[in-house]
Protein chains: 2
Amino acid sequence: MKGKRPHLSITDSSEEPLTGAVEDYLKAIYALGRGSVSVATNDIAQRLDLTPASVSGMVRRLAGHGFLSYERYRGVTLTDLGRRAALRTLRRHRVIEAYLSGALNYPWDRVHAEAERLEHAASDELVDRMAAAIGEPLTDPHGAPIPSREGDMDETEYLSLAELGAGYGARVVRVSDEDPEMLRYLGELQIMPGAELIVISKAPYEGPIALAVSGTMLAIGPQLASQVMVEPLTDLEAPAH
Amino acid sequence: MKGKRPHLSITDSSEEPLTGAVEDYLKAIYALGRGSVSVATNDIAQRLDLTPASVSGMVRRLAGHGFLSYERYRGVTLTDLGRRAALRTLRRHRVIEAYLSGALNYPWDRVHAEAERLEHAASDELVDRMAAAIGEPLTDPHGAPIPSREGDMDETEYLSLAELGAGYGARVVRVSDEDPEMLRYLGELQIMPGAELIVISKAPYEGPIALAVSGTMLAIGPQLASQVMVEPLTDLEAPAH
DNA sequence: AGATTAAGTTAGGCAACACTAACTTAATCG
DNA sequence: CGATTAAGTTAGTGTTGCCTAACTTAATCT
Ligand SMILES: [Mn+2]
Ligand SMILES: [Mn+2]
Ligand SMILES: [Mn+2]
Ligand SMILES: [Mn+2]
């Protein structure tokens, strides 16, 4: 599913700026509901590390401002206005991540925390300059797609590495950001967007998954594997035996 | 006058982060009192575009946190703690300005507004990376000195162009930022840090000041000239006649 | 259906920051 | 010295955004 309103830029809204808290709420709701599904109070609270009571209050205010529709006890859905605001913040976040990584050599496990704050302070002009300076990238350092200025975003769903059968080859397209420790570990293993790998074997009962990553053999748990999104490689599709 | 505590970095304070409002107050008080002189409530209010009542309230809180000493009706003086916090924000601000200008080609009349927000969101690591990326500059794009990580800053006082006598040559060291319109005009005239000029004549009664700037003749008013800080050039010191 | 539980909401509070209106203090001037 | 004025403060209010404690609603299970 693609974004709407192809001719109305998400960066030219002449309204007063939103607060950082509001932007983070909208971003969280977008992430949880992929922009259209109804989202539960508790899930928002967990994602933002707030109490459900706080979310109840904020959600009422956001509905009042037209960012979402809200029926008590029934969860929350972004309106078009809310969706555009969420995508604008998401674009900022990911452009900033990509810039920090590409232009300032920022390690990929720390760009998220930095972008989480800068996304609320950077002007549209700055974000555009950053994007231009690194060649208008289509994804952030973790492989997440960057929404266009117009609010369109590639929402292709990928398979997780945990779902890939033994014998299959795949290219890593995206890993979950947010957990720096995990990112550092994945980095050590060379499991990052663009890397190609082959699933050698999968032990049963949630057992380790053996992989070949750029020539090296290694094994990871299924929990970690579920955080790695991959695209199967057609020319390696046949199980090795 | 130089900063103090040469061995205690201003960027390694492990305390909880200050709010943007607090950082802006401390920066304003530092700018108005050059870090040591007592500063008036009304002046802070004017500089931050707030009412004096708001400043009275905030100033009491800041004193409570040990950032300044305060006696009712008597103005305010930064403590060492407050001065260090101010210098840290000032360093961030100016490094960000220099980076935007040097690395992203940001026009010099807009870096100030952008830095005014980013200074509260950028981490120390980011500021350090920015400074390193552009070669650890000593001044921002307007010629203002950048405090060191340790909190030392060059506080040399310069002559303003309005005070320079006819016939003298000088190098521009610094211009006032904050007014984008003025900066754009000065830029057109090539009056910017590093530029060399000669005062051809000064009309009496606040009249126009005729200048030669890199070969071009032009005239500016004394009000504008007072915003341009210069360093007289010894080899052009003798009045032209 | 009735009881239990999970999810969500309300009530009441608090800290940060801003405002206006009204008052107080200090400085100045005749 | 006393009056005027400028500077500064207090009182009271509003918004944002968070919390805990207590309650209500909806979903589930026997
Ligand atoms: Mn954020
Ligand atoms: Mn990311
Ligand atoms: Mn600021
Ligand atoms: Mn500047």
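Residues numbered from 1 in each chain as written. Chains lettered and ligands numbered in written order. Predicted model: local features only at pLDDT ≥ 70, side-chain atom pairs only at ≥ 80, totals over all residues. Heavy atoms only, no water.

A.B. asks: Describe the coordination of the manganese ion (ligand 3), listing the residues and the values that go with them.
C.D. replies: Residue and element names in this part refer to chain B. The protein atoms that coordinate the manganese ion (ligand 3) are D24 (OD), E116 (O), E116 (OE), E119 (OE) and H120 (NE2), at distances spanning 1.9 to 2.3 Å. The sequence pattern formed by the donor residues of the manganese ion (ligand 3) is D-x91-E-x2-E-H. Taken as a pair, D24 in helix α1 (residues 20-33) and E119 in the loop between α5 (111-118) and α6 (124-133) lie far apart in primary sequence, 95 residues in all. (Donors = N, O, S within 2.8 Å, 3.2 Å for Na, K, Ca; no water. Helix = DSSP H or I, 4+ residues; strand = E, 2+ residues; numbered from the N terminus.)

A.B. asks: Just give me the short version of empty space enclosed by the protein, but keep the residues and values in it.
C.D. replies: Taking a probe equal in size to a water molecule and rolling it over the atoms shows the remaining empty space. Under the counting rule described, the total for this entry stands at five cavities of 30 Å³ or more. As for the largest cavity, its lining consists of 15 residues, and the residues nearest its centre are A:L118, A:M130, B:L118, B:L126 and B:M130. For the lining of the largest cavity, the secondary structure elements donating two or more residues are α4 (80-104) and α6 (124-133) of chain A together with α4 (80-104) and α6 of chain B. Each residue belonging to the lining of the largest cavity can be placed in one class, and the counts come to 15 nonpolar, no polar and no charged. (1 Å grid on protein atoms, 1.4 Å probe; cavity = no way out; pocket = protein on both sides within 12 Å on 5 of 7 lines; lining within 4 Å. Points joined across faces, edges and corners; volume = space filled by probe spheres on them. Nonpolar A, V, L, I, M, F, W, Y, C, P; charged D, E, K, R; others polar.)

A.B. asks: Could you give an account of the protein's contact with DNA strand C, naming the residues involved and the relevant values?
C.D. replies: As a structural note, the neighbourhood of DNA strand C is formed by 21 residues, with A:S56, A:Y70, B:T19, B:S54 and B:R61 the closest of them. At a separation of 2.5 Å, a phosphate oxygen of DNA strand C approaches a polar side-chain atom of A:S56. Here a phosphate oxygen of DNA strand C and a backbone polar atom of A:Y73 are 3.1 Å apart. Of all elements in the fold, only α2 (41-48) and α3 (52-64) of chain A together with α1 and α3 (52-64) of chain B reach the threshold of two or more residues within the surface near DNA strand C. Split by residue class, the surface near DNA strand C holds twelve nonpolar, six polar and three charged. (Near = heavy atom within 4 Å. Polar contact = N/O pair within 3.5 Å; in protein donor to acceptor, adjacent residues only side chain to side chain.)

A.B. asks: Describe the domain arrangement of chain A, with residues and values.
C.D. replies: Residues and elements named next belong to chain A. Domains assigned within chain A are domain 1 (1-156) and domain 2 (159-232). Between domain 1 and domain 2, the C-alpha centre-to-centre distance is 27 Å. Counting residues at the interface gives twelve residues for domain 1 and 13 residues for domain 2. In this assembly, domain 1 packs against domain 2 so that about 920 Å² is buried in total across both faces, 57% of it on carbon and sulfur atoms. Among the residues of domain 1 in contact with domain 2, W108, D109 and H142 are the three that bury the most area, contributing 61% of the side total. At the boundary of domain 1 with domain 2, the tally comes to two salt bridges. Among the salt bridges present, the one from E178 reaches R47, with a minimum N-O distance of 3.6 Å. In this assembly, domain 1 and domain 2 are joined by four residue pairs in polar contact (both at pLDDT 80 or more). In terms of residues, the side of domain 1 that touches domain 2 owes the most to one element, α4, which gives three residues. The residue inventory of the side of domain 1 that touches domain 2, partitioned by class, reads four nonpolar, four polar and four charged. (Domains from an automatic or database assignment. Contact = heavy atoms within 4.5 Å. Buried area = accessible area lost by both parts, 1.4 Å probe. Salt bridge = Lys/Arg side-chain N within 4 Å of Asp/Glu carboxyl O.)

A.B. asks: Please give an account of the relation of the copies chain A and chain B that cites residues and values.
C.D. replies: Rotating chain A by 180 degrees and moving it 0.0 Å along the rotation axis overlays it on chain B with an RMSD of 0.1 Å. What the rotation and shift describe, once combined, is the action of a two-fold rotation axis. (Least-squares fit on C-alpha atoms with pLDDT ≥ 70 in both.)

A.B. asks: Give a detailed account of the layout of surface pockets, specifying residues and quantitative values.
C.D. replies: Residues and elements named next belong to chain B. Empty space within the largest pocket amounts to approximately 1300 Å³. Surrounding the largest pocket, 43 residues form its lining, A31, R47, R94, A144 and R174 being those nearest its centre. Listed by contribution, the elements that provide at least two residues to the lining of the largest pocket are α1, α2 (41-48), α4, α5 and β4 (169-175). Take the lining of the largest pocket: its biggest share by element is eight residues, from α1. Its residues placed into classes, the lining of the largest pocket shows 19 nonpolar, ten polar and 14 charged. The residues that make up the lining of the largest pocket include at least three from each of domain 1 (1-156) and domain 2 (159-232).

A.B. asks: Give me the lowdown on the sheet that holds β4(B), citing residues and values where you can.
C.D. replies: Residues and elements named next belong to chain B. A sheet is described by the order of its strands in space; here six strands give the open sequence β3-β8-β4-β5-β6-β7, paired in antiparallel fashion. Strand pairing shows two members of the sheet lacking a second neighbour, β3 (159-160) and β7 (216-220), which therefore form its edges. Sheet topology note: the strand β5 (residues 196-202)/strand β6 (residues 209-213) ladder contains five bridges and is antiparallel. Paired with K202 across the strands is I209, a residue of β6. (Pairing = 2+ DSSP bridges.)

A.B. asks: Before we move on, can you summarise the coordination of the manganese ion (ligand 4) with the specific residues and values?
C.D. replies: Residue and element names in this part refer to chain B. Coordination sphere of the manganese ion (ligand 4), protein contribution only: E97 (OE), D140 (OD), H142 (ND1) and D177 (OD), at 2.2 to 2.4 Å. Within one chain, the residues serving as donors to the manganese ion (ligand 4) are arranged as E-x42-D-x1-H-x34-D. Remark: D177 occurs in the loop between β4 and α7 (180-188) and H142 occurs in the loop between α6 and β3; sequence separation between them is 35 residues. Judged by its relative accessible area of 16%, D177 falls in the buried class. (Buried < 20%, exposed > 50% of the residue type's maximum accessible area, 1.4 Å probe, protein only.)

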